[in-house]
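Coordinate analysis (summary)
What follows is the residue order along each chain.
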Amino acid sequence: MDELKADVQEISETSKDNELSIKQKKDVIENICQRLKVVAVDVDKVLRAKELLSSLQRRKAFIDLIGQDDDGSLHKNPEDLKRLTSIHSLKIMSYVPGVDSFSDDLQMYESISEDICQMPFDEERWGNFFAGYQILNVPETLNTNENGKCIELGCGKCDENLYMYLHSGIRCFLIDLFRGPLRENQDIIVQLREAEIAVSKEFGFPVTSTIIAKLSPRQQYTGYLDMEECDTYEMKRGYKTILTADRNYSLHSRADMIYVNARFLLADVRQFDIILIGEDIQLMVRTVRQDHLKCCVCRGGTLSSFMPVLFPARCSKCRLSYEEVEDLTFAREVGINVVVSYIAGTVQYINNLEKVMASLQCENLRLYARVVLNEIEGCDGELNWVAERYDGLLVELAEPAIVPDIMRMCPNAECVLQLARKAKKPILLDTWPINEQHLRVDPAHYYYIFFYPDKYVVKCNQSRQVFYFSFWQNAIFDQILPVALAKMPHCDSSHTGADGLARAVVTASLEVNAKAIVVCGVTTRMVQKISHFRPKAPILFVSHMRSAEDYVSLYHNVTMLPFRTTYFVNHRRNAFRKSILALAYLSSRKIIDQGDQIILVYNYSSGTTFPEKYLIYKFDKINFVQHLSGSLFPQDTECVFCNDMEGIYIYTH
């Protein structure tokens, strides 16, 4: 008992001031950084392997397409080609024993040239099978809109489904850092990167995806209960329990061990303090320790997952939490460049958060805000600053009190979404209550639900249960798109005419029924503008900008194809190679077929970093390399292979 009193007295003496001293803050941050640098080692190894594989695939693709590599290194060192089928094989794409020679390796995998030039057309295959019949038309494949999804990982056993997600075109993933210890989240990231390598080996082209992280809330909540044991617990008076800050219990809380994200607040708690969980449960503190509190229940109630926790008034509950600092550092170390604040807060809240991010060297992270759409109230525009200060929005919908109910949106909620869309900032929407038909969407709000969002968030354990919303969204989106495009003003607010070019690209894609839009550039600015007009055709962004991989897939219908090379001759040669690599990728993935229309957006002048021209090309599987060599830059005789210009139209802005 004396030892307990001494511990409590020591804690009380060191916590007289609500704020930690500068020395304590530095010690905490240094400890977190040192620990998480060790955690991030596995991620770095996988990323290096992925980068090397991407380089080998790009170089081999050019050998198949034009007969030469960027710098001839593969001809000088043919052992590099063997590495495509050996050291980078992970899990599914394992190395096949007995295949050791260089020629055997090449025969194992279908080359790009064979896939592009030698595959018979669908009409020929079926026509030869059914003698005497003629195919009048070929129905379009069902658009499952998989690229429009953002999968939330960590909500169940989803590692086996990662390959399926990547195969189906999903390129955006969300991780909730409140759920589970950071080591488990790091394992999920490694598994995803390994899945990218495996799928990339199957495709023959690099596969990249964007990961965003939801930060732990600044307010205090209990952890998630272990559903395998029980989904609720009845806390009776006199029952002994422990409140712990150990994140290992964040997904495995029990009646006798409850996780709370309150590491910084434990030092301010005193013996016999009352802590409130939810509206009913009251706990009295019996013993205070560094990372946990021993309590007893003085008022009973029902304990469930993620319940709000109220600490005594002396505890500073508004300052940045230990868990937020840990999450930000973790995101920086593992290469996540987009983080989501649990609440939008106030102007002072985001100022404080940005200041701490700068001190943690995380100022380059893109900061999004989580907003609950149908809980926003008012009509005075007091939340307009949210769309201005944050880089994007993660929108959720609260469950209605009466099921089913009509979803209501106040003017403030409408203004936030309108301003975010006008600023071309990504909007992610979790539509689970709509999919479960708990909420009905008023036709007046169709634009906000079915047209404005760039991605729709789906939990990995619910990914097979969202067909209702997917079909509904596809149908309404097709009806809204031409009307919305016609209503948009024709004024160009950009300084370079990029808005007008983006609008023209989307309009042309609808008129010619383009199967894909290829954007060859450096920065993501043109991709964002094209995505803003919501084209139906997928957007393939080809760029050597490494940081773009971390966020560009958040935009509507965008997939990135990395093109990083250290061998640069001139601008036009670089644009030409990006274009033919993009078409080879689209053809190999059966996204485009013989005679399909494709729109190529690129920068004609070498002095600009943004595209200023687009070209409509009728795809020819056999001759597309020669076609583009003489059409992207008609006056350039350096790389002209053929003067065949049939099916090519050029628009210059």
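Description of the structure in this document.

Basis of the calculations
Residues numbered from 1 in each chain as written. Predicted model: local features only at pLDDT ≥ 70, side-chain atom pairs only at ≥ 80, totals over all residues. Heavy atoms only, no water. Salt bridge = Lys/Arg side-chain N within 4 Å of Asp/Glu carboxyl O. Helix = DSSP H or I, 4+ residues; strand = E, 2+ residues; numbered from the N terminus. Buried < 20%, exposed > 50% of the residue type's maximum accessible area, 1.4 Å probe, protein only. Polar contact = N/O pair within 3.5 Å; in protein donor to acceptor, adjacent residues only side chain to side chain. Contact = heavy atoms within 4.5 Å. Pairing = 2+ DSSP bridges.

**Considering the pattern of salt bridges**
One pass over the structure, following the stated rule, counts 18 salt bridges. Across the pair Glu152 and Lys459 runs a salt bridge whose closest N-O atoms are separated by 3.7 Å. Taken together, the positions of Glu152 in strand β1 (residues 149-153) and Lys459 in strand β18 (residues 455-459) put the pair 307 residues apart, joining distant regions of the chain. A salt bridge links Asp499 to Lys529; the shortest N-O distance between them is 2.9 Å. Taken as a pair, Asp499 in helix α18 (residues 498-511) and Lys529 in helix α19 (residues 525-532) lie far apart in primary sequence, 30 residues in all. Its relative accessible area of 8% is what places Asp499 among the buried residues. On the basis of relative accessibility, which here comes to 12%, the residue Lys529 falls in the buried class. The network of salt bridges with common partners includes Glu152, Asp430 and Lys459.

**A closer look at the side chain of Glu323**
Within the secondary structure, Glu323 sits in helix α11 (residues 322-334). Here the side chain of Glu323 touches Arg263 through a polar contact of 3.4 Å, landing on its backbone nitrogen. With residues up to four places along the chain from it excluded, the contact list for Glu323 reads Ser216, Arg247, Tyr259, Asn261, Ala262 and Arg263.

**Thoughts on the environment of Asn574**
Tracing the chain through its elements places Asn574 in helix α20 (residues 571-588). For the pair formed by Asn574 and Phe563, sequence separation is 11 residues and the distance between their alpha carbons is 9.7 Å.

**Points about the pairing of strand β8 (residues 281-288)**
As judged from the 4 bridges shared by strand β7 (residues 274-277) and β8, these two strands associate in the antiparallel manner. Bridging from a neighbouring strand, Leu276 pairs with Gln282 of β8. Counting the residues between successive antiparallel strands, the hairpin from β7 to β8 contains 3 residues, one of them, Gly278, with a positive phi of roughly 65 degrees. Across 6 bridges, β8 lies against strand β9 (residues 292-299) in antiparallel orientation.

In short, geometric facts, not functional conclusions.
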